[in-house]
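Spelled out, the chains give:
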Amino acid sequence: MGANDNSPAWVMEPRARAAAPNPFQRQKTKSIKPGKFAPLYPLLTVLALTGLFFWEAPTDTLRSAAGLMSFIGLVWAGFCKRVEAWRSREFTLLTVIGAGFLALFGTAALAGISLNTIDMAMIVACLSLAIAVMYKSAPALLTSVFATTLWLFAFIPALNMMFGLGESNSFGWTMLLPILLVGQIILSSKLQNTACLAVSLLASYGWIAWLGVTANIPVTALAGLGFAIGVAHHRIGKSLEDENRFGAAWQSWLGVIAALGAALFLQSIWLNPDMGQAIPGWMPTQIWWAGLGVATLALFIASLQRYKNSRITLSGIFILSAATLILPIVSIRPDLVRDVFAAIPGLGAAPGFGLIIGAAIMAAGLAWITNGLRRLKLFNVIIGAALVGIQGIVLLAPGRANLDLGIVFICSLIAALCIGGLVAGASLDHSRPARRSS
């Protein structure tokens, strides 16, 4: 059709013929999506195992059926993933956990092994974590975290009597629990599940406290160890925060809470001369030294990671590591502090050393106030102001408002601020700027 062609459009366009329906053509049926069959497995498994249980089937039959259904469920979960039936996949995995537990329980019963409530909970926790790792399943991870928390609740006498949890550790779950908790924390971070991460971290601190009590570690020594662990955890959280990792803020603040709680407890003891904190006689056990060694190593590695991101100086790493070891060492050797204060006439270790601890806490509070104002974080300002207020009340308490104790407190505060400035100093190598802008 040329540019000067004035023919009507209907002449040049062919008329489309209306396609008449062919009565002899086979009509297409509506296809059924394979995802519609996905919810069948959980329902059939629950019905089958429930029927065998109420019909009082032999233990061998129930174990074999549960093992077969758990194996089929793992295959079926992969099918649900391919057809993108995610809800059915998660329900399938939860059913696999139940069937697998019945299979293991039946095997133990046939072998003559009696399992109590805590043994069952730990078997479910391990099985759920294995399935959660293989299939990246958040519900399976939540099941593992819940079962682990039940294990810890068994050591609270009131809850033990209320729920009848029975005796624990019949199969030595104590040493397996830290591996289980570390796996839950790592997987919670990968799946970005805040609830599982928070509960796993709290359970980890609960396990540390329980282990210290069962090992007959004195409360002061346990508080000193908790302080070192809290500081190390805080620095790990800060190193994760430098790289914008998930859950960094949770880990950082949980470490702060643990360290501050331990420091305030030790301060309350050293402020009172009648608390008996200077009684020697307890020799640190291997568990205590191992805990302190792991905490110190974790603190040093996290500090090196922060140095890599230009958030701390090399001198700050060694100063922080040395300062962190003071309270743990003093908690097991309080006589060292008394010997130092004995050389100062008219000034006792209690409350002198308690005021030194308070000066360090107040310096931390002032640092939080400064950082909160600089980064416009109200929560940091509130926490810092609370710490400064608490230490102000401690200093002005009756019996401590004298010149000697005031000089000790002020000098300790200035020293703590100087040490904090060295620790928080930025690296001089500006070719490697910090990744976190705030």
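Everything numeric in this text was worked out from a predicted model, so none of it was measured. (Residues numbered from 1 in each chain as written. Predicted model: local features only at pLDDT ≥ 70, side-chain atom pairs only at ≥ 80, totals over all residues. Heavy atoms only, no water.)

Let us now look at the overall build of the protein chain. Scanning the protein chain for helices and strands turns up 18 helices and zero strands. Split into buried and exposed, the 438 residues of the protein chain put 40% on the buried side. Of all intrachain contacts in the protein chain linking residues separated by at least 6 positions in sequence, the fraction that spans at least 24 positions is 73%. Surface accessibility of the protein chain: about 24700 Å² in total, with carbon and sulfur atoms responsible for 70%. (Helix = DSSP H or I, 4+ residues; strand = E, 2+ residues; numbered from the N terminus. Buried < 20%, exposed > 50% of the residue type's maximum accessible area, 1.4 Å probe, protein only. Contact = heavy atoms within 4.5 Å. Areas by Shrake-Rupley, 256 points an atom, 1.4 Å probe, with all protein chains shown as cover.)

The next point concerns the side chain of Thr 324. Relative to the helices and strands, Thr 324 resides in helix α13 (residues 314-324). Look at Thr 324 and you get buried, because its relative accessible area is 6%. Not counting residues within four places of it along the chain, the set of residues in contact with Thr 324 comprises Phe 227, Ala 228, Val 231 and Leu 299.

Moving on to the packing of helix α6 (residues 138-153) against helix α8 (residues 176-191). Between two packed helices, both the angle of their axes relative to each other and the distance between the axes serve to describe the pair. Close contact between α6 and α8 brings their axes to 11 Å; oriented N to C, the two are set at 145°. Between α6 and α8 lies a crossing of left-handed hand. Of the residues in α8, those in contact with Ala 138, Leu 141, Ser 144, Val 145, Thr 148, Trp 151 and Leu 152 of α6 are Leu 177, Leu 180, Leu 181, Gln 184, Leu 187, Ser 188 and Leu 191. Of the residues belonging to the contact of α6 with α8, the class tally is 10 nonpolar, four polar and no charged. (Axes fitted to C-alpha atoms, helices over the stretch in contact; angles between N-to-C directions. Left-handed = near helix turned anticlockwise from the far one by under 90°. Nonpolar A, V, L, I, M, F, W, Y, C, P; charged D, E, K, R; others polar.)

Turning next to the layout of surface pockets. By rolling a water-sized probe across the atoms, one finds the places where empty space is left. Computed from the structure, the second largest pocket encloses a volume of approximately 1100 Å³. Lining of the second largest pocket is provided by 33 residues; of these, Val 182, Ile 208, Ile 229, Ile 236 and Val 294 occupy positions nearest its centre. Broken down by secondary-structure element, the contributors of at least two residues to the lining of the second largest pocket are α8, α9 (194-214), α10 (219-242) and α12 (286-308). Residues belonging to the lining of the second largest pocket are distributed by class as follows: 23 nonpolar, eight polar and two charged. (1 Å grid on protein atoms, 1.4 Å probe; cavity = no way out; pocket = protein on both sides within 12 Å on 5 of 7 lines; lining within 4 Å. Points joined across faces, edges and corners; volume = space filled by probe spheres on them.)

With 23 residues, α12 extends 33 Å from end C-alpha to end C-alpha; this agrees with the ideal 33 Å at 1.5 Å per step. Where the residues of α12 are buried, they touch α10, α13 and α14 (326-332). Positive backbone phi, approximately 60°, marks Ser 310, located one or two places after α12. (Expected span 1.5 Å × (residues − 1).)

Once that is clear, we can look at α9. Helix length check: α9, at 21 residues, gives a terminal C-alpha distance of 30 Å against a target of 30 Å (1.5 Å per residue), a fit within 8%. All of the buried residues in α9 are Cys 196, Leu 197, Ala 198, Ser 200, Leu 201, Ala 203, Ser 204, Tyr 205, Trp 207, Trp 210, Leu 211 and Gly 212. Measuring from the side-chain oxygen of the N-cap residue of α9 to the backbone nitrogen of Ala 195 gives 3.3 Å; that N-cap residue is Asn 193. The positive-phi residue at the C-terminal boundary of α9 is Asn 216, with phi of around 60°. (Polar contact = N/O pair within 3.5 Å; in protein donor to acceptor, adjacent residues only side chain to side chain.)

Function cannot be read off these values alone, since they describe shape.
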